[in-house]
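# Observations on chain architecture
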Amino acid sequence: MSSGIEDIWFLVALGLLPERLPSLYYQYQAVTHSLQTLAACHPVFGGKKPTNILDCAKGRQPMSSISLSLQDTSDSTDSLVSNGESTPNNWKENLRECWRSDLWSSFLGELLGSFFLFFIGVGAAFVNDGVMVVNALVFFFLITATALSFDLTSGAVFNPAITISLTLLGNLTVFKFVLYFIAQIAGSVVSSLMHSWVFPAATLDKYSHGATTLSSSLDVHPAEGILLEALMTFFLNFVVLLVGAIKDRPKESKVLGAFAAAATVAALILFGGAITGASMNPARSFGPALVGGIWDNHYVYWVGPILGSCLATGVFKVLHPAYSVKRDLVF
């Protein structure tokens, strides 16, 4: 007993005990929070809502619906507020968001959808001798299929430029934007790696690994390429926002929205495919450029689509000033 007391005084003398107290307090707070979450989710433990605890853990019952009564003894402005409300810039809320399972299912949906879209869409050019009409039809069917398939999983964005637009509008949090961006880029890179394993080197060299480049026969200047990519992305993004981001549309319009977005991409490929490759998507251009080592005027396919996307977002907000979001995808 005396040895334990001596140890405590020794810690106090070294100044370590004051440093350990906050850690012990936050551990206690975390355990209390977990028990209260359990009680709020399952009726056996006194919860008012008949919600399965597994559903709660998977994020099907949002954390904001759980009444919390944790009291932080500090005067920090980012402490949790009871009844599920939180103060602005709440770092605890952001940290909690990082562990929501629906975020990671959205990430996986964007990764798989981007892979399917780029692997089949870009790879189709290798087997149809680059016929522009065929390429447009392939992307029309692909975008329709992937948009409807991954709609409930991630919103079926598959495009960093449109992801930026949704973030500016408030549909996506910054953390979700980062996840989507990584998934889209990774999907493009993996699809290009698969192309290098499936197709012979001669075919890949003939079509530059599917990389988007400015037309040399038309002597397209990089500034002209940026302008054209910006205009095409503006049109595509604007159509996507009009048919997909307005919440008061009936659910049946989702099918028509997928067809509208797919038809827009097909038409723009027919219009600008022979000039810039009609990328309209930085991820679509990045994978082939990285795997094939083809970086000629690659910045065109980042600057143009991002400029067009931001412009489309601004025009959309002007036309729909009352537009509001719930900080999640509404596609």
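The structure displayed is predicted, hence computed values, not measured ones.

Moving on: helix α14 (residues 300-319). Given 3.6 residues per helical turn, the α-helix brings residues three or four places apart onto the same face. The terminal C-alpha atoms of α14, which comprises 20 residues, lie 28 Å apart, in line with the 28 Å expected from a rise of 1.5 Å per residue. Restricting attention to buried positions, one finds in α14 the residues Val300, Tyr301, Gly304, Pro305, Gly308, Ser309, Ala312, Thr313 and Phe316. Buried-residue contacts for α14 involve α8 (160-169), α11 (222-244) and α13 (282-292).

Tallying each qualifying case throughout the model produces 15 aromatic pairs. For the ring pair Trp104 and Phe175, a centre distance of 6.4 Å and an interplane angle of 80° mean the geometry is edge-to-face. Of this pair, Trp104 sits in helix α5 (residues 101-127) while Phe175 is found in helix α9 (residues 174-198), placing the two residues 71 residues apart along the sequence. Judged by its relative accessible area of 26%, Phe175 falls in the partly exposed class. Three or more aromatic residues joined by ring pairs form one cluster here, namely Phe115, Phe116, Phe119, Phe150 and Phe158.

In this section: the environment of Gln184. Position of Gln184 relative to the elements: it lies in helix α9. Separated by 103 residues in the primary sequence, Gln184 and Gly287 have C-alpha atoms spaced 9.8 Å apart. Among the polar contacts listed, one links the side chain of Gln184 to the side chain of Glu110, at a separation of 2.8 Å.

Here we take up the packing of α8 against α11. At their nearest, the axes of α8 and α11 sit 10 Å apart, and the two run at 50° to each other. Relative to α11, α8 is oriented oblique. Here the hand of the crossing between α8 and α11 comes out right-handed. Here α8 contributes Ala161, Ile162, Ser165, Leu166 and Leu169 to the contact with α11, which in turn contributes Thr233, Leu236, Asn237, Val240 and Leu241. Within the contact of α8 with α11, the residues separate by chemical class into 7 nonpolar, 3 polar and no charged.

One way to put it is that α13 packs onto α14 with a least axis distance of 9 Å and a crossing angle of 170°. The pairing of α13 with α14 is recorded here as roughly antiparallel in orientation. Side by side, α13 and α14 meet where Pro282, Ser285 and Phe286 of the first sit next to Tyr301, Trp302 and Pro305 of the second. By residue class, the composition of the contact of α13 with α14 is 5 nonpolar, 1 polar and no charged.

Attention shifts here to unusual backbone geometry. The phi torsion at Phe158 lies on the positive side, around 60°, for a residue other than glycine. Along the polypeptide, Phe158 turns up in the loop between α7 (151-154) and α8. Even without glycine at this site, Ser208 takes up a positive phi of about 55°. Inspection of the secondary structure assignment puts Ser208 in the loop between α10 (201-206) and α11. On the basis of relative accessible area, Ser208 is assigned to the partly exposed category, the value being 27%.

On to the environment of Thr144. Mapped onto the elements of the fold, Thr144 is located in helix α6 (residues 132-149). The class for Thr144 is buried, based on a relative accessible area of 9%. Thr144 sits 114 residues away from Ala258 along the chain, and the two C-alpha atoms are 5.2 Å apart. If sequence neighbours within four positions are ignored, Thr144 has contacts with Ala258, Phe259 and Ala262.

Bringing the nonpolar core into the picture now. In a soluble, globular protein the nonpolar side chains are often hidden away together inside. Grouped together as the largest cluster of nonpolar side chains are 40 residues, with contacts concentrated most on Leu117, Leu236, Val265 and Met280. Contributing elements (two or more residues each) for this core: α5, α6, α8, α9, α11, α12 (253-272) and α14. Those residues within four positions of Leu236 in sequence are excluded, and the remaining contacts are Asn159, Ile162, Ala261, Thr264, Val265, Leu268 and Met280.

Our focus in this paragraph is the pattern of salt bridges. For side chains bearing opposite charge, pairing can occur when the charged atoms are close. In the structure shown here, the tally under the stated rule is 1 salt bridge. For Lys206, the salt bridge identified is with Asp129, shortest N-O distance 3.3 Å. Highlighted residues: Lys206 in helix α10 and Asp129 in the loop between α5 and α6, separated in sequence by 77 residues. On the basis of relative accessible area, Lys206 is assigned to the exposed category, the value being 58%. The class of Asp129 is exposed, set by a relative accessible area of 52%.

Reading fine detail from the predicted coordinates is not recommended where pLDDT is low. Residue-level pLDDT values for the protein average 77, and 64% of them are 70 or greater. Looking across the protein, the model is least confident in helix α3 (residues 53-57), with a mean pLDDT of 40, and most confident in α13, with 97. Confidence drops under pLDDT 50 across residues 8-14; counting only partners more than four residues distant or on other chains, this segment forms 5 contacts. Low pLDDT, under 50, characterises residues 326-331; the stretch is placed with 24 contacts to residues that sit more than four places away or in other chains.

About the criteria used
Every chain's residues receive numbers from 1 upward, in the order its sequence appears when written. Restriction of local features to residues with pLDDT of at least 70 applies here, the model being predicted, together with a cutoff of 80 or more for giving and counting side-chain atom pairs; totals for whole chains, interfaces and linings are based on all residues. Remark: hydrogens and water are excluded; side-chain values derive from all non-hydrogen atoms of the structure. Under the scheme used here, helices are H or I runs from DSSP no shorter than 4 residues and strands are E runs no shorter than 2 residues, and both carry numbers assigned from the N terminus. In this scheme, a helix's expected span is set at 1.5 Å multiplied by one less than its residue total. Three labels apply to residues, based on accessible area from a 1.4 Å probe with only protein chains included: buried if under 20% of the type maximum, exposed if over 50%, partly exposed otherwise in between. Residue contacts are counted whenever heavy atoms from the two residues lie within 4.5 Å of one another. Between the rings of Phe, Tyr and Trp (Trp by its six-membered ring), a pair exists once the centres lie within 6.5 Å; its type follows the angle of the planes, with under 30 degrees stacked, over 60 edge-to-face, and the other angles tilted. By the criterion applied in these results, polar contacts are pairs of N or O atoms within 3.5 Å in which, for protein atoms, one can donate a hydrogen and the other can accept it, and in which residues neighboring in sequence qualify only through two side-chain atoms. For helices, the fitted line uses only the C-alpha atoms of the stretch in contact; every axis is such a line through C-alpha atoms, and the angle between N-to-C directions lies from 0 to 180 degrees. Just so you know how the angles are binned, under 35 degrees is roughly parallel, over 145 roughly antiparallel, 65 to 115 roughly perpendicular, and the rest oblique. By convention, the crossing between two helices is left-handed when the near helix turns anticlockwise from the far helix through less than a right angle, and right-handed when the turn is clockwise. Ten residues, namely Ala, Val, Leu, Ile, Met, Phe, Trp, Tyr, Cys and Pro, are considered nonpolar, four, namely Asp, Glu, Lys and Arg, are considered charged, and the remaining ones, Gly among them, are considered polar. The set of buried Ala, Val, Leu, Ile, Met, Phe, Trp, Tyr and Cys residues whose side-chain atoms join them within 4.5 Å is what this entry labels a nonpolar core. A carboxyl oxygen of Asp or Glu within 4 Å of a side-chain nitrogen of Lys or Arg is what we treat as a salt bridge. The quantity known as pLDDT measures the predictor's confidence residue by residue, on a range of 0 to 100.

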